[in-house]
Amino acid sequence: MQIVFVGAGHASSLVIHRFIAQNKQISGCKVTLINENRTAVYSGMVPGVVAGNYAIDDATLDVKRLMEDAGGEFICAKAEFINWDTKSVTCKSIGDSSIQVHFDIIIVDIGSTNKSVPGIQYAIPTRPISILTQRVEEYERRIENIENVKCIVVGAGVAGIELLFCLSSRWKQKFPNKHITFQIIDSNADFCSSLNSISLGNRIKSIFDNNRELEYTFNARVESVQEDQVVLKDGTHVPYNVLIWACGAAPVDFSFHTGVELDTDGYIKVNENLQSISHRELFAAGDCIRFCTNGIPKSGVYAVREAPILFQNILLMIEHFQEPSLVPYKPQSHFLKLINMGDNTAIAEWFGMSFGPWSILYFLKHYIDTTFMKQFR
Ligand SMILES: Cc1cc2nc3c(=O)[nH]c(=O)nc-3n(C[C@H](O)[C@H](O)[C@H](O)COP(=O)(O)OP(=O)(O)OC[C@H]3O[C@@H](n4cnc5c(N)ncnc54)[C@H](O)[C@@H]3O)c2cc1C
């Protein structure tokens, strides 16, 4: 039997790690991981990398080695489409050669990308996360000789806010003589409005209100981006020197061929067993799914919690391919959100209440993130 993982997202990486940890010999199975890079980046630590709390290697996972330690094959290539007639994935490797990989069971965990607008190439997008720090460094070379720097962050969600504070902290150390201001722009009416937490929104707003270098503009949709300004829906042009694009997830460009049920946005529709509702051999996890019972946020926390269920269901499929009794995944309704403020403090949100910025919350976040990474070392 051939088991193919497409994308070394959080869930798939943990499943492969479980195969190693539990010394599960997948007898009679050939296991392959296809990922577009030989490493994958753990997003939870990336704002900390930007702030200088960590080196990029601290947040990077060698997924080639992980797969090889599990006794499988690693293919460094971008998966392009699934052909259900031949049950194979077509991928493009470095050098543009096309490879076909046959599967009996396929697990897709390819994450998500950014919502796009015309001119997005001028911005630093938060996804793919692997290139975020590289793009920040590129922009830093461009602003080296500018005294008054204006940075716009589009998206007042957790990722945008965390990056804003971590960049601010980084540049205070790197460019002590520059005057750097930040403006956050969002089409919603408040901070973190998708979390529905008035307490967290108010806490962040008060931090902005007490800092002359921070500004916010709500109910403003960015329609397009030019080289040095963004254009809002009402026609206003807002100039910038650095632009961070943090406004939500969109599906990765990947073709599932005809027949795979996707939602209207293009995410894979899965049932409670994390199995495609149209193709029983297809499992999926992380940002690329649309869960059947309720929408779950695009967050690494869910991808991580899906991993044990995915692991069990893959084993059950291997053992009883025709009639497996699969295990359901029950997403939690709440989880602790921790936002790194870039200055060794963090703020938190828990069941609608918010706290901080406090050092203890930063150390809690540091502990959670480094413990996660340690299991792969
Ligand atoms: C700045 C920022 C900070 C964040 N911080 C947090 C946080 O603190 N906590 C939290 O819970 N969530 C956080 N998130 C959200 C989190 O990043 C995502 O929810 C999480 O990464 C989703 O994991 P995943 O398993 O779906 O896939 P990912 O971890 O995104 O991995 C997808 C993998 O698939 C590969 N891939 C993609 N397409 C292909 C293809 N066609 N062929 C082959 N390989 C492919 C990619 O290279 C990548 O390795 C943050 C997001 C951002 C942008």
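Residues numbered from 1 in each chain as written. Predicted model: local features only at pLDDT ≥ 70, side-chain atom pairs only at ≥ 80, totals over all residues.

## With respect to the site of the ligand
- Close to the ligand lie 35 residues; Gly7, Gly9, Ser43, Gly111 and Gly286 are nearest.
- Where the shell around the ligand is concerned, the elements lending two or more residues are helix 1 (10-21), strand 2 (30-35), helix 2 (46-51), strand 5 (73-83), helix 5 (158-174) and helix 7 (300-319).
- The leading source of residues in the shell around the ligand is helix 7, at three residues.
- Classifying every residue of the shell around the ligand gives 17 nonpolar, 12 polar and six charged.
- Residue contributions to the shell around the ligand reach at least three from each of two domains, namely domain 1 (2-111 + 252-319) and domain 2 (114-245). (Near = placed C-beta within 6 Å. Helix = DSSP H or I, 4+ residues; strand = E, 2+ residues; numbered from the N terminus. Nonpolar A, V, L, I, M, F, W, Y, C, P; charged D, E, K, R; others polar. Domains from an automatic or database assignment.)

## Quick look at the sheet that holds strand 13 (residues 214-217)
- Taking strand neighbours across the sheet as the criterion, the five strands line up as 10-17-11-12-13 in an open arrangement whose pairing is parallel. The sheet is open, and its two borders are formed by strand 10 (124-125) and strand 13, each paired with just one other strand. (Pairing = 2+ DSSP bridges.)

## Details of the sheet that holds strand 24 (residues 353-358)
- If you walk across this open sheet you meet the three strands as 22-23-24, and the pairing is antiparallel. Bordering the open sheet on either side are strand 22 (337-340) and strand 24, each of which pairs with just one other strand. Adjacent strand axes in the sheet meet at a mean angle of 15 degrees when their direction is disregarded.
- The pairing of strand 22 with strand 23 (residues 346-350) spans four bridges and is classified as antiparallel. Its bridge partner being in strand 23, leucine 338 is matched across the sheet by alanine 348.
- Helix-sheet contacts for helix 6 (residues 198-209) involve strand 23 and strand 24, and the interaxial angle to strand 24 is about 30 degrees. (Axes fitted to C-alpha atoms, helices over the stretch in contact; angles between N-to-C directions. Contact = placed C-beta atoms within 7 Å.)

## Remarks on the domain arrangement of the protein
- Per the domain assignment, the segments making up the protein are domain 1 (2-111 + 252-319), domain 2 (114-245) and domain 3 (334-377).
- Summarising the inter-unit geometry, the C-alpha centres of domain 2 and domain 3 are found 22 Å apart.
- The set of elements that each furnish at least two residues to the side of domain 2 that touches domain 3 consists of helix 5 and helix 6.
- Here the residues of the side of domain 2 that touches domain 3 sort into six nonpolar, four polar and three charged.

## Remarks on unusual backbone geometry
- The linkage connecting arginine 127 with the following residue, proline 128, adopts the cis geometry, with an omega of -5 degrees.
- The residue proline 128 is located in the loop between strand 10 and helix 4 (132-143) in this model.
- Geometrically, the link from glycine 356 to proline 357 is a cis peptide bond, its omega value of 5 degrees lying close to zero.
- By secondary structure assignment, the location of proline 357 is in strand 24.
- Of note, the phi angle at asparagine 219 is positive, near 55 degrees, even though the residue is not glycine.
- With 13 C-beta atoms counted inside 10 Å, the residue asparagine 219 sits in the partly exposed group.
- Of note in the backbone geometry, leucine 274 takes a positive phi value of approximately 65 degrees without being a glycine.
- Following the sequence through the fold, leucine 274 ends up in the loop between strand 19 (268-270) and strand 20 (282-284). (Buried ≥ 20, exposed ≤ 12 C-beta atoms within 10 Å, placed from the backbone.)

## Comments concerning the packing of helix 1 against helix 7
- Running from amino to carboxyl end, helix 1 crosses helix 7 at an angle of 45 degrees, the nearest separation of the two axes being 7 Å. On the basis of the axis angle, helix 1 is oblique to helix 7. Relative to helix 7, helix 1 is oriented so that their crossing is right-handed. Counted together, His10, Ala11, Leu14, Val15 and Arg18 of helix 1 and Gly300, Ala303, Val304, Glu306, Ala307, Leu310, Phe311 and Ile314 of helix 7 form the full contact between these two elements.
- A breakdown of the residues in the contact of helix 1 with helix 7 according to their chemical character gives nine nonpolar, two polar and two charged. (Parallel < 35°, antiparallel > 145°, perpendicular 65-115°, else oblique. Left-handed = near helix turned anticlockwise from the far one by under 90°.)

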